[in-house]
Amino acid sequence: MSRPFVSVIIAALNEEAAIASVINSVPKDLADEIVVVDNGSKDRTAEIASAAGARVVKEPVAGYGRAFRAGLRAISSQCEIVVFLDGDGSDCPEMMDRLVMPIIEGRCDFVIGSRTRGHREVGSMNFHQVIAGYMIGYMLRVLYGVRSTDMGPFRAIRRDTLEVLKLREETYGWPLEMQMRAARAHVRTIEVPVDYRRRAGGQSKIAGTVRGSILAATRILFTFARIALQRR
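Residues numbered from 1 in each chain as written. Predicted model: local features only at pLDDT ≥ 70, side-chain atom pairs only at ≥ 80, totals over all residues. Heavy atoms only, no water.

Looking at the overall build of the protein
Along the protein, the regular secondary structure elements total eight helices and seven strands. Over its C-alpha trace the protein gives a radius of gyration of 16 Å, about what one expects of a compact globule, namely 17 Å for 232 residues. With respect to the three principal axes, the spread of C-alpha positions in the protein is 50 × 45 × 30 Å. Per-residue burial for the protein yields a buried fraction of 53% across its 232 residues. Sequence-distant contacts in the protein: of pairs separated by 6 or more residues, those separated by 24 or more amount to 76%. In the form shown here, the protein has an accessible surface area of approximately 11,100 Å², with 55% of it arising from carbon and sulfur atoms. The averaged location of the 26 negative side-chain charges in the protein is 7 Å from the averaged location of its 33 positive side-chain charges. (Helix = DSSP H or I, 4+ residues; strand = E, 2+ residues; numbered from the N terminus. Rg over C-alpha atoms; globule rule 2.2 N^0.38 Å. Buried < 20%, exposed > 50% of the residue type's maximum accessible area, 1.4 Å probe, protein only. Contact = heavy atoms within 4.5 Å. Areas by Shrake-Rupley, 256 points an atom, 1.4 Å probe, with all protein chains shown as cover. Lys, Arg positive; Asp, Glu negative; His and termini not counted. Charge placed at Lys NZ, Arg CZ, Asp CG, Glu CD.)

A few points about the packing of aromatic side chains
Tallying each qualifying case throughout the model produces four aromatic pairs. Ring geometry for Phe 68 against Trp 174: centres 6.0 Å apart, planes inclined by 25°, an arrangement best described as stacked. Taken together, the positions of Phe 68 in helix α3 (residues 64-74) and Trp 174 in helix α7 (residues 174-184) put the pair 106 residues apart, joining distant regions of the chain. Between Phe 84 and Trp 174 the ring centres are 5.9 Å apart and the planes differ by 75°, which places this aromatic pair in the edge-to-face class. In this pair, Phe 84 sits in strand β4 (residues 81-86) while Trp 174 sits in helix α7, placing the two residues 90 residues apart along the sequence. Take Phe 84 and Trp 174: they sit in the same class, and that class is buried. Taken together, the ring pairs connect Tyr 64, Phe 68, Phe 84 and Trp 174 into an aromatic cluster. The lysine or arginine in question, Arg 115, covers the ring of Tyr 196, its NZ or CZ lying 4.9 Å from the ring centre. (Phe/Tyr/Trp six-rings, centres within 6.5 Å; stacked < 30°, edge-to-face > 60°. Lys NZ or Arg CZ within 6 Å of the ring centre and 35° of its normal.)

Quick look at the pattern of salt bridges
Applying the stated rule across the entire model yields 20 salt bridges. Between Arg 107 and Glu 105 there is a salt bridge whose closest N-O contact spans 2.9 Å. In this structure, the salt-bridge partner of Glu 177 is Arg 226, at a minimum N-O distance of 3.7 Å. On the criterion of sequence distance, the pair formed by Glu 177 in helix α7 and Arg 226 in helix α8 (residues 210-229) is long-range, its members being 49 residues apart. Considered together, Glu 177 and Arg 226 belong to a single accessibility category, that of buried residues. Linked through salt bridges whose partners overlap, the residues forming this network are Glu 169, Glu 177, Arg 181, Arg 219 and Arg 226. (Salt bridge = Lys/Arg side-chain N within 4 Å of Asp/Glu carboxyl O.)

Quick word on the state of the cysteines
Using the criterion set out here, one finds zero disulfides in the structure. This cysteine, Cys 79, is not joined by any disulfide, and Cys 108 carries the nearest cysteine sulfur, 15 Å off. (Disulfide = S-S within 2.5 Å.)

Considerations on the sheet that holds β4
Overall, mixed pairing links the seven strands, which are arranged β3-β2-β1-β4-β6-β5-β7 in an open sheet. With one partner strand each, in any of the chains shown, β3 (55-58) and β7 (189-193) form the two edges of the open sheet. When the angles between neighbouring strand axes are averaged without regard to direction, this sheet yields 20°. Helix α4 (residues 96-104) contacts β1 (6-12), β4, β5 (110-114), β6 (155-158) and β7 of the sheet and is inclined by roughly 160° relative to β5. (Pairing = 2+ DSSP bridges. Axes fitted to C-alpha atoms, helices over the stretch in contact; angles between N-to-C directions.)

Re α3
Taken residue by residue, α3 has Tyr 64, Gly 65, Arg 66, Ala 67, Phe 68, Ala 70 and Gly 71 as its buried positions. Where α3 is buried, its residues touch β1, β2 (33-38), β3, β4 and α7.

Side note on the side chain of Ser 41
Among the secondary structure elements, Ser 41 is positioned in the loop between β2 and α2 (45-51). At 2.8 Å, the side chain of Ser 41 forms a polar contact with the backbone nitrogen of Asn 14. A distance of 2.6 Å separates a polar atom in the side chain of Ser 41 from a polar atom in the side chain of Asp 38. Once residues lying within four places of it in the same chain are set aside, the contact partners of Ser 41 are Ala 12, Leu 13 and Asn 14. (Polar contact = N/O pair within 3.5 Å; in protein donor to acceptor, adjacent residues only side chain to side chain.)

Quick notes on the nonpolar core
Among the nonpolar cores identified, the biggest contains 30 residues, and Val 8, Ile 10, Val 83 and Met 96 are the most heavily contacted of them. Among residues more than four places away in sequence, those in contact with Ile 10 are Ile 19, Val 22, Ile 23, Ile 34, Val 35, Val 36, Val 37, Phe 68, Leu 85, Asp 86 and Gly 87. Residues Val 57, Met 178, Ala 182 and Val 187 belong to the second largest nonpolar core, which totals 24 residues. (Core = buried A, V, L, I, M, F, W, Y, C linked by side-chain atoms within 4.5 Å.)

Written as C-alpha cells, this is what we have:
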C-alpha cells in the first residue's frame, strides 16, 4: 500500500541565511514536494530556495496566512497531507515524521507540533510567547473541551480536512483559526512535542520587535474573538 502524497509548504520572508538548510532538512522519504512561498523578500531567498530544490511561489502582499494560502493554491492536485513550517530555521523539519505518521496511520487528521512540550533552545521563544500559547490553550479548553499548549507553525493536516475548515485569516491569526475551526468541527487532533531553535539569521517579524509583537497579539485576539462569536 503506497503512502499518501505529502506536500510541504514553507513560508519565507527575507530568509536567505536559513532557507537552504530548512529545505535540505525536510525528510525526502516523507515529502513528495516542497513549496516555498516568497512573501515579498528583498534578499536572495527565492533564488536560494529554488537552487535547493524547492518550487518557489511568489506572494508579494505580506501576510502570514496569505503566504500559506498562496502555497495551498500551488501544491499538487495529488496532495493528501499538507505540512506547514517557517523558513527561518527555528522549526525542525527533521522531526516531520512525528507530524505525518499519525495521519498516515489513520490515528488522526490534524497534528500540531508543540514547542512548549519539546526541547526549546535558549532564546528561541520569548516568555510572552510561551504564556500566550498556554492562555489560548486554556480558552480553547473552555470553549471546545480540547487540550492545547501552543500555536506553533509546524503542523500537518489532511488536505480534505483543511478544505472543509474554510480558513479566511490572512495574517498572524492563521494558526489559531486553523486550531479553533478544527476544534469546533470535532476534527481528530493531537499535539506532539517538537524541538525549537533560535532563528538562523535576521530578525523575527513577530517577536523581534515591540511593534511586531503588538500587531501579532492584536490580530490573534481579534481572530479568537471573531471565531468564538461565530455560530458556524
